[in-house]
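Architecture and fold: a report
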Amino acid sequence: MDRDHRPGAAARARGLPEDRRAAGAGHLRRQPGLDLGPRSRRRADRRTAGRGRGGPHGRPLPRRGGRAGRPRPHARGGGRGGRGPRPRHQPDQRPARLRRIPAGRTGRSAHRSAHTGAHRSARKEEHVKTTATVRLDRPITEAAELARRAEDLGFDGVWVADHYFHRDATGALALMAAATERVTLGTAVVSPLLRHPALLASAAATINEISDGRFVLGLGAGGYEFAAELGIPPRRPLGLTAEAVRIVRELYTGRADVTGDTFTTTGELRFTPVPTPVYLAGRGPKMLALAGEIGDGVITHGLSGRHIAYVKEKLGGPGTALVLMLDVEVDRDRARALDALRPRCMAMAGGSYADELIEVYGLDPAEIGALRAALRSGDRAAAGRLVTDQMVDAFGIAGPPELLRDRLAEFAAAGVDEVILSVGGGDLDASTGHLTELAKAVL
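Residues numbered from 1 in each chain as written. Predicted model: local features only at pLDDT ≥ 70, side-chain atom pairs only at ≥ 80, totals over all residues. Heavy atoms only, no water.

Along its length, the chain carries 18 helices and eleven strands. In the chain, which comprises 443 residues, the share counted as buried stands at 53%. Of the contacts formed within the chain by residues at least 6 apart in sequence, a portion of 73% connects residues at least 24 apart. Of the roughly 19100 Å² that the chain leaves accessible, carbon and sulfur atoms contribute 53%. (Helix = DSSP H or I, 4+ residues; strand = E, 2+ residues; numbered from the N terminus. Buried < 20%, exposed > 50% of the residue type's maximum accessible area, 1.4 Å probe, protein only. Contact = heavy atoms within 4.5 Å. Areas by Shrake-Rupley, 256 points an atom, 1.4 Å probe, with all protein chains shown as cover.)

So, in structure tokens, the structure goes:
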């Protein structure tokens, strides 16, 4: 019987009893009408054929029809890949400068090769990993359904923002994990100022358990809006980010014993977690350098070749995945596309980042100063009028499909590993339409 017509198949495939599925999620089924033609089908065939080579963390991908009788990764002796039980309660004898990362890691990411290597070997060299965002401004079950549709369209991953005024990101990701089989899932991004690092470690490990190792923890200190909207000024963003990553990593390898300036954690997770890659959100030189030192990847903004070279220099080497996050408007009328994208690039251009980046982005300091002042005054209408075409092009791609394809080829040639593409919102059908047009352009 076809998987789509077997009740509770998605739940059984992930080890979830049917009576514990999220209420309202029963309609999460693969939808017809998303075929993009022969090119899309060939791409889907290649992905299906490659499943035997392993998933994003080096484990076999789930097969259609469930996984009855197959042990879950965390039941194979405690470690990743069934390496046997992991010692716990053992003091870390390494030098203090190395204790922030798990034993066996170096400054280069141990996760990255497993996370991206198999995928990159299966794609042409001129392509980057192509992922999409899903907004949580719609009913949460629709977000999960949209993640499934993104998977059907051929995207490699789905990311969600953890915004305090929208629906809860962890709940959405749990539903997305149950509704999909192949795509990676991630936060872009979550702040330890809103979720304590111990909670982040538990939540990330839980989502990784549901998704069979497909989760990426995107983490960032937060921007100016925290102070304006929540009364939480992000003090010492470098220090609190390093503390958060250390706590997460120590909890993944055993007992955490951290007393920091911002966070303190003493204890251990009461289950055996499957560690997840940690990507840091970074724009300034110091945060980029920190991402190169302790992160598996960095999520950043800025599309110019000069900026990409700047990021690679600050990362300090090839061991950290370089991920660009950008907004996209596909339209053969470039002027109309620019106008549609203008408000969505407003916060990127006028947000908090080092002044030295203004020139790296190829922007005018006076224009950026005026935009920043308008944003901080709360007059978003006035701020929107100050977003120039150059600002849109610095942080997004607006125009016909050919322009989008050419820019992604440029990113790949420059050494970008992944792009997170954000398209327009709307209801489920409208959002699916935006993703469909995007898939036609780039997949």
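Applying the stated criterion across every chain yields a total of five aromatic pairs. The interplanar angle of 75° and the centroid separation of 4.8 Å between the aromatic rings of Tyr 164 and Phe 165 together place this pair among those described as edge-to-face. Here Tyr 164 and Phe 226 contribute two aromatic rings whose centre-to-centre distance is 5.7 Å and whose plane-to-plane angle is 70°, an arrangement assigned as edge-to-face. With Tyr 164 in the loop between β2 (157–160) and α5 (169–179) and Phe 226 in helix α7 (residues 224–230), this residue pair connects regions lying 62 residues apart in the sequence. Taken together, the ring pairs in this structure connect Tyr 164, Phe 165 and Phe 226 into an aromatic cluster. (Phe/Tyr/Trp six-rings, centres within 6.5 Å; stacked < 30°, edge-to-face > 60°.)

Below, the discussion takes up the pattern of salt bridges. What the rule picks out here adds up to 20 salt bridges. Note that Arg 195 is salt-bridged to Asp 162, the shortest N-O span being 2.9 Å. Residue Arg 195 is found in the loop between β3 (184–187) and α6 (197–211), and its partner Asp 162 is found in the loop between β2 and α5; the two are separated by 33 residues along the sequence. Classification of Arg 195 as buried rests on a relative accessible area of 17%. Look at Asp 162 and you get buried, because its relative accessible area is 12%. The salt bridge partner of Arg 336 is Asp 331, with a shortest N-O separation of 2.7 Å. Linked by salt bridges that have partners in common, Glu 145, Arg 149 and Asp 429 make up one network. (Salt bridge = Lys/Arg side-chain N within 4 Å of Asp/Glu carboxyl O.)

A few words on the pairing of strand β1 (residues 129–133). Taken across its five residues, β1 has five buried, putting it largely inside the fold. Side-chain alternation along β1 places Lys 129, Thr 131 and Thr 133 on one buried face and Thr 130 and Ala 132 on a second face that is also buried. Of the pairings in the sheet, the one linking β1 to β2 comprises three bridges and is parallel in character. In the sheet register, Thr 131 faces β2, and the bridge partner there is Gly 157. Remark: the β1/helix α4 (residues 140–153)/β2 crossover connection has right-handed handedness. (Pairing = 2+ DSSP bridges. Right-handed = clockwise from strand over helix to strand, strands pointing away.)

So, on to a nonpolar patch on the surface. A cluster of nonpolar side chains, contributed by Phe 165, Leu 194 and Leu 230, occupies part of the molecular surface with about 260 Å² of accessible area. As for its placement among the helices and strands, Leu 194 is situated in the loop between β3 and α6. (Patch = residues over 30% accessible without salt bridge, like charges linked within 9 Å, V, L, I, M, F, W, Y side chains within 5 Å.)

The residue Glu 329 is located in strand β9 (residues 321–330) in this model. With relative accessibility at 17%, the residue Glu 329 sits in the buried group. Leaving out residues up to four positions away in the same chain, Glu 329 has contacts with Ala 337, Ala 340, Leu 341, Arg 344, Ile 397, Ala 398 and Gly 399.

The end-to-end C-alpha distance of α4, which contains 14 residues, comes to 20 Å, matching closely the 20 Å that a straight helix rising 1.5 Å per residue would cover. Of all the 14 residues making up α4, twelve are buried; the element is thus mostly covered by neighbouring parts of the structure. Looking at α4, one finds that the buried residues are Thr 141, Glu 142, Ala 143, Ala 144, Glu 145, Leu 146, Ala 147, Arg 148, Arg 149, Ala 150, Glu 151 and Leu 153. (Expected span 1.5 Å × (residues − 1).)

Attention now moves to the packing of helix α9 (residues 285–294) against helix α10 (residues 305–315). Between α9 and α10, the least distance of the axes is 7 Å, while the angle of their chain directions is 55°. One element, α9, and the other, α10, form an angle in the oblique class. Judged by the twist between their axes, the crossing of α9 over α10 is right-handed. Together, Pro 285, Leu 288, Ala 289, Ala 291 and Gly 292 of α9 and Tyr 310, Val 311, Lys 314 and Leu 315 of α10 make up the contact between the two elements. The residue makeup of the contact of α9 with α10, split by class, is seven nonpolar, one polar and one charged. (Axes fitted to C-alpha atoms, helices over the stretch in contact; angles between N-to-C directions. Parallel < 35°, antiparallel > 145°, perpendicular 65-115°, else oblique. Left-handed = near helix turned anticlockwise from the far one by under 90°. Nonpolar A, V, L, I, M, F, W, Y, C, P; charged D, E, K, R; others polar.)

Looking now at unusual backbone geometry. Backbone torsion omega between Ala 188 and Val 189 reads -5°, so that peptide bond is classified as cis. One can find Val 189 in the loop between β3 and α6. Backbone geometry at Asp 212 places phi at a positive 60°, although glycine is not the residue there. Counting through the fold element by element, Asp 212 comes out in the loop between α6 and β4 (215–219). By relative accessible area, which is 8% here, Asp 212 ends up buried. In this model, Arg 236 sits at a positive phi of 50°, which is unusual for a non-glycine residue.

In this section: the packing of α4 against α5. Orientation of α4 relative to α5, taken along the N-to-C sense of each, is 40°, at an axis distance of 8 Å. It follows that α4 is oblique to α5 by the angle criterion. Like other packed secondary-structure pairs, α4 and α5 cross with a definite hand, here right-handed. Here α4 contributes Ile 140, Thr 141, Ala 143, Ala 144, Ala 147 and Arg 148 to the contact with α5, which in turn contributes Gly 171, Ala 172, Leu 175, Met 176, Ala 178 and Ala 179. The residue inventory of the contact of α4 with α5, partitioned by class, reads nine nonpolar, two polar and one charged.

Right, let's talk about the nonpolar core for a bit. One finds Phe 155, Met 176, Leu 324, Phe 411 and Val 419 to be the most contacted residues of the largest nonpolar core, which totals 102 residues. Take this core: its biggest share by element is eight residues, from helix α8 (residues 237–253). Shared between two domains, this core holds at least three residues of each, these being domain 1 (129–331 + 400–442) and domain 2 (334–396). Counting residues in each nonpolar core, the second largest holds nine residues, with Trp 159, Ala 188, Ile 299 and Val 323 among its members. (Core = buried A, V, L, I, M, F, W, Y, C linked by side-chain atoms within 4.5 Å. Domains from an automatic or database assignment.)

Looking at the chain, the pLDDT average stands at 79 and 72% of residues meet or exceed 70. A low-confidence stretch, residues 1–125 (pLDDT under 50), is modelled with 221 contacts involving residues beyond four sequence positions or located in other chains. (pLDDT = per-residue confidence, 0-100.)

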